[in-house]
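This is what each chain is made of:
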Amino acid sequence: LWCIWELFVLFVFASEEHSAERVVFQPLGSTSDGVAKLSSFDVAHAGCYDPNEEARLRLVIAAVGAQRFNERVQVFGEKVLSSSTALTSGSAAKV
């Protein structure tokens, strides 16, 4: 949940174009699996190792709105999916 939270903070405070310039998608394992998870991300199914940290993150996410949070992450996943570099080379891809 922390990793997705960090992406969301970037998406909230930077324009979509600026965010895309800053984020490099580096898959760990199968690119298609990682992209599929981002494209269908649901915060309700995410968690943290520390339940106290998770509770704090969920309070802030609730203030922003879980739907908005999910949508921003899913849009990022769709951008990665549309990146031909991410799909063809299996290496890091600028989004």
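All residue numbers here refer to positions counted from 1 along the written sequence of the relevant chain. Reporting of local features is limited, given that this is a predicted model, to residues whose pLDDT is at least 70; pairs of side-chain atoms are given and counted only at 80 or more, and all residues count toward the totals for whole chains, interfaces and linings. Excluded from the side-chain calculation are hydrogens and water; included are all heavy atoms of the structure.

### Focus on the overall build of the chain
Selection criterion: Where helices and strands are cited, they refer to DSSP runs of H or I of at least four residues and of E of at least two residues respectively, numbered from the N terminus. When accessible area is computed with a 1.4 Å probe and restricted to protein chains, residues below 20% of their type maximum are described as buried, those above 50% as exposed, and intermediate ones as partly exposed. Note on definitions: a residue-residue contact is assigned when non-hydrogen atoms from the two residues lie within 4.5 Å.
Broken down by element type, the chain carries six helices and two strands. Start at the N end of the chain and walk to the C end: the helices and strands fall as α-α-β-α-α-α-α-β. A burial count over the chain gives 34% of its 95 residues as buried. For the chain, long-range pairs separated by at least 24 residues make up 69% of all intrachain contacts whose partners lie at least 6 apart in sequence.

### Notes on the packing of helix α1 (residues 2–13) against helix α5 (residues 66–82)
The condition that has to hold: Lines fitted to the C-alpha atoms define the axes, with helices restricted to the stretch that makes contact. Angles between their N-to-C directions range from 0 to 180 degrees. Any angle that falls under 35 degrees is termed roughly parallel, while one over 145 is termed roughly antiparallel, one within 65 to 115 roughly perpendicular, and all others oblique. Ten residue types, Ala, Val, Leu, Ile, Met, Phe, Trp, Tyr, Cys and Pro, are classed as nonpolar, four, Asp, Glu, Lys and Arg, as charged, and the remainder, Gly among them, as polar.
The contact between α1 and α5 brings their axes to 10 Å, and the two run at 90°. Judged by the angle between their axes, α1 and α5 are roughly perpendicular. Packed against α1, whose contacting residues are Ile4, Trp5, Leu7, Phe8, Phe11 and Val12, the element α5 presents Arg68, Phe69, Arg72, Val73 and Phe76 at the interface. The residue makeup of the contact of α1 with α5, split by class, is nine nonpolar, no polar and two charged.

### Here's the deal with the confidence of the model for the chain
Stated precisely, the cut-off is as follows: pLDDT is a residue-level measure of predictor confidence that goes from 0 to 100.
For the chain, per-residue confidence averages 80 on the pLDDT scale, and 83% of positions sit at 70 or higher. Across the chain, the secondary-structure element scoring lowest on mean pLDDT is helix α6 (residues 84–88), at 46, and the one scoring highest is helix α4 (residues 51–64), at 93.

### Focus on α4
An α-helix turns once every 3.6 residues. As a result, residues three or four positions apart point the same way. The line we're drawing: To estimate the expected span of a helix, subtract one from its residue number and multiply by 1.5 Å. The arc in question is traced by the directions running from the helix axis to the C-beta atoms.
Look at α4: 20 Å from first C-alpha to last across 14 residues, which is about the 20 Å you get at 1.5 Å a residue. Within α4, the full set of buried residues consists of Glu54, Leu57 and Ile61. One side of α4 holds all its buried residues, which, seen down the axis, span an arc of 70°. Seen from the open side of α4, the exposed residues pointing more than 90 degrees away from its buried face are Asn52, Arg56, Leu59, Ala62 and Ala63.

### Some words on the packing of aromatic side chains
Here is the rule: Classification of ring pairs rests on two measures: the distance between centres of Phe, Tyr or Trp rings, Trp counted by its six-membered ring, which must be within 6.5 Å, and the angle between planes, read as stacked under 30 degrees, edge-to-face over 60 and tilted in between.
In total, this model carries five aromatic pairs according to the counting rule given. Their ring planes at 40° and their centres at 5.9 Å tell us that Trp5 and Phe8 sit as a pair that is tilted. Here the residue Trp5 and the residue Phe8 both occupy positions in helix α1, the gap between them amounting to three residues, near one helical turn. Pair check on accessibility: Trp5 and Phe8 agree, each one buried. Ring centres of Phe11 and Phe76 lie 5.5 Å apart, and the angle between their planes is 40°; this geometry places the pair in the tilted category. In this pair, Phe11 is assigned in helix α1 and Phe76 in helix α5, connecting sequence segments 65 residues apart. We note that Phe11, like Phe76, is buried. Chaining the aromatic ring pairs together yields one cluster made of Trp5, Phe8, Phe41 and Phe69.

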